[in-house]
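Chain and residue survey
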Amino acid sequence: MTGRLPKKLTDHPSVRAVLAEPRDKPSSVIDAAWLKEICLAAGADDAAAVSLDHPDLAGEREHVERALPGTKTLVSLVVRMNRDDVRSPARSVANQEFHRTGEIINEAGHTIVRTLQDAGYRAINPSATFPMEMEHYPGRIWVVAHKTVAVAAGLGAMGLHRNVIHPKFGNFVLLATLLVDAEVSAYGEALDYNPCLECKLCVAACPIGAISKTGEFDFLACSTHNYREFMSGFTDWAQTVAESEDAADFRSRVTDSENVSMWQSLAFKPNYKAAYCMAVCPAGEDVLGPYLEDRRGFLGTVVKPLQDKVETLYVREGSTAKAYAERRFPHKPVKEVDGGYSRMNQPARRASLYADPAD
C-alpha cells in the first residue's frame, strides 16, 4: 500500500498509525444470529433481514441505492408500544407513546449501525419516524418504506387498516429499516398467514370512515384528519394565517384550541388526531386474550370511549369523509379544511404521495 501513496501522505502520523495496525477484512456475509443478537441488545423487540433482491422490494432499490450505494441487505426492526397508552382517549398520552417509541427505535438503529460500522461494514439508519427528504414533497419523502420491508422480512402482514400486524405484538409496534452493504447468512421469510382477524373494529373506530368493510382505504380522508398538524395540514394553516384580513378574521377561522395545538406540535412534536384503527386492533398473540375472553367488554372499554369522545373532525369540503362523520358521529364537530392537498399542483407527484402511507 505504501508504494502507491505519495511520501507526504505516508509521513503523516495518522497514515502511519493506520498502516501499522493489522486490519482483517470483515466477512462478506454477516452471521444472521449475531445480527439479531446485536439488534435485540440495542433495544429492538424483533428483527429480521431481507435481501434487496427480494422481488417485493423492486420499488425500493432505486431509493435505497441512492441513500447507500452498494446496499445488499435491509434489516427490519420492530419496537413495541405500550398498548393502553395508544388506546387512551387522551391523545397526549397516545402521542407521547408514539414519540417515545420513535426515539427508542431510532436510538436502536443508531446503535446497531455503530456496531456494524465497527465490524467493518457500511450501514445507515434512515429515520424511523418522520421522513425528511422534503425536496421531493409532495412526492416520496421517505428513504425506504418500512412497512414494505417488514412484510417482506416476515415480521408481520398488512391488516385491513393498512398497519403492519406483528404475529406476537400485534399492530402496537413502530418499524425501522437499516441499509447494509453485505449479505446475511439467513433471511426472513414472509408469513404464511395474516394475523389480521378481519374483525372490522378499525372500521367502527375510524371517525372519518377512511377504512371500509370491503377493504378500500381513503388515504386523503385519513391524512386530512389524523395528520392535521403535520406537513400538508401545516401549510393549510399557514395559508389561513396569510389570507386572514386581521386578527379578528383569523380568530373567526381558527380557534384558540387549534392554534395552541398547532403551536405545541411545532414546539414539541406533532400531534396525531386519531390513530384509533391501531388503538382498537385486537390482533397479535400478546394482545388477543382480552378480546377473546370478553368481546363485549372489549368494545366497552377500548372501542366505545374513542367513539364517544367529543373532538373536532377535519374533512375536505364535499368529501365522503364529511358525510360519514356527520352521519356516524353527530356528537363530534366537523370542520371543513383544505388539508393542503388542493395546492399540490403536480398530479404525478401528488399520486406518489399515496403509494405508502407509512410514517
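Check the entry above for the structure.
Residues numbered from 1 in each chain as written. Predicted model: local features only at pLDDT ≥ 70, side-chain atom pairs only at ≥ 80, totals over all residues. Heavy atoms only, no water.

On to the packing of aromatic side chains. Tallied over the full model, the rule gives eight aromatic pairs. Each ring, one from Phe98 and one from Tyr272, has its centre 5.0 Å from the other, and the planes form 50 degrees; the classification is tilted. Of this pair, Phe98 sits in helix H6 (residues 91–118) while Tyr272 sits in the loop between helix H12 (256–267) and helix H13 (276–279), placing them 174 residues apart in sequence. Per residue, the accessibility class of Phe98 equals that of Tyr272, and both read buried. Members of the aromatic cluster, joined through ring pairs, are Phe98, Phe130, Tyr227, Phe230 and Tyr272. Lys332 extends its terminal NZ or CZ atom over the ring of Phe329, reaching a point 5.6 Å from the ring centre. (Phe/Tyr/Trp six-rings, centres within 6.5 Å; stacked < 30°, edge-to-face > 60°. Helix = DSSP H or I, 4+ residues; strand = E, 2+ residues; numbered from the N terminus. Buried < 20%, exposed > 50% of the residue type's maximum accessible area, 1.4 Å probe, protein only. Lys NZ or Arg CZ within 6 Å of the ring centre and 35° of its normal.)

The next thing to look at is the pairing of strand S7 (residues 173–180). Burial runs high along S7: eight of the eight residues are buried. The sheet contact formed by strand S3 (residues 73–80) and S7 spans eight bridges and is antiparallel. Bridge assignment links Leu77 to a residue of S7, and that residue is Ala176. Across two bridges, strand S4 (residues 123–124) lies against S7 in antiparallel orientation. Each bridged residue has a counterpart across the sheet, and for Ile124 the counterpart in S7 is Leu179. (Pairing = 2+ DSSP bridges.)

Before going further, it helps to examine unusual backbone geometry. Residue Pro138 is reached from Tyr137 by a cis peptide bond, and omega for that bond is 10 degrees. Turning to its location among the elements, Pro138 is positioned in the loop between S4 and helix H7 (146–152). Of note, the phi angle at Arg162 is positive, near 70 degrees, even though the residue is not glycine. Within the secondary structure, Arg162 is located in the loop between strand S5 (157–158) and strand S6 (164–165).

On to the side chain of Ser265. Position of Ser265 relative to the elements: it lies in helix H12. Setting aside anything within four residues of it in sequence, one finds Ser265 in contact with Glu229, Pro270 and Asn271. (Contact = heavy atoms within 4.5 Å.)

Turning next to the environment of Thr177. Along the chain, Thr177 falls in strand S7. Put simply, Thr177 and Ile105 are 72 residues apart on the chain and 9.8 Å apart in space, counted from C-alpha to C-alpha.

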